[in-house]
Amino acid sequence: MSPKSKQKSPRQNQKKQKSDKDDSLNSFARYSGIAIQMVAIILIMTLAGVKLDARRDSETPVFTIVLSLLGVFAGIYTAIKDFIKK
């Protein structure tokens, strides 16, 4: 094989750069979506706990604590599940 056959043409280099840029944009969108989903789960669970505690008129915010921790675990679970899935 000659050395010229191993070199990529300018068109192939442009396609490679565009593909790399698309891959990085897709990764950014994917991981941003995972982060937003995680925050939404935690926020919804915490707000549900606050509403339940307000309805019960309790001195200690038991539902807020329990549901916010449950939301954190659920958020971590979904994030790990999405990281593993390709």
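In this text, all values refer to a predicted model and were calculated from it rather than measured experimentally.

Okay, the overall build of the protein next. Scanning the protein for helices and strands turns up 3 helices and 0 strands. Going from the N terminus to the C terminus, the protein shows its helices and strands as α-α-α. Here the analysis covers contacts within the protein between residues at least 6 apart in sequence; of these, 57% occur between residues at least 24 apart. As presented, the protein carries roughly 7400 Å² of accessible surface, and 65% of it is formed by carbon and sulfur atoms.

With that out of the way, let us pick up the packing of aromatic side chains. In the structure shown here, the tally under the stated rule is 1 aromatic pair. Pairing Tyr-31 with Phe-83 gives two aromatic rings, centres 5.5 Å apart and planes at 40°, and the pair type is tilted. Here Tyr-31, found in helix H2 (residues 10-56), pairs with Phe-83, found in helix H3 (residues 62-84); they are 52 residues apart in sequence, far enough to count as distant. Overall, Tyr-31 belongs to the partly exposed group, its relative accessible area being 40%. With relative accessibility at 47%, the residue Phe-83 sits in the partly exposed group.

On to the confidence of the model for the protein, then. Averaged over the protein, the pLDDT score is 84; the fraction of residues at 70 or greater is 74%. Helix H1 (residues 3-6) is the least confidently modelled element of the protein, averaging 55 in pLDDT, while H3 averages 95, the highest of any element.

With respect to the element layout, Thr-64 can be found in helix H3. By relative accessible area, Thr-64 is classed as buried at 16%. Thr-64 has contacts with Thr-46, Gly-49, Val-50 and Asp-53, leaving out every residue within four places of it along the chain.

Let us look at the side chain of Ser-68. Looking at where Ser-68 falls in the secondary structure, it is placed in helix H3. For Ser-68, the side chain forms a polar contact with the main-chain oxygen of Ile-65, separated by 3.0 Å.

Analysis parameters
Residues numbered from 1 in each chain as written. Predicted model: local features only at pLDDT ≥ 70, side-chain atom pairs only at ≥ 80, totals over all residues. Heavy atoms only, no water. Helix = DSSP H or I, 4+ residues; strand = E, 2+ residues; numbered from the N terminus. Contact = heavy atoms within 4.5 Å. Areas by Shrake-Rupley, 256 points an atom, 1.4 Å probe, with all protein chains shown as cover. Phe/Tyr/Trp six-rings, centres within 6.5 Å; stacked < 30°, edge-to-face > 60°. Buried < 20%, exposed > 50% of the residue type's maximum accessible area, 1.4 Å probe, protein only. pLDDT = per-residue confidence, 0-100. Polar contact = N/O pair within 3.5 Å; in protein donor to acceptor, adjacent residues only side chain to side chain.

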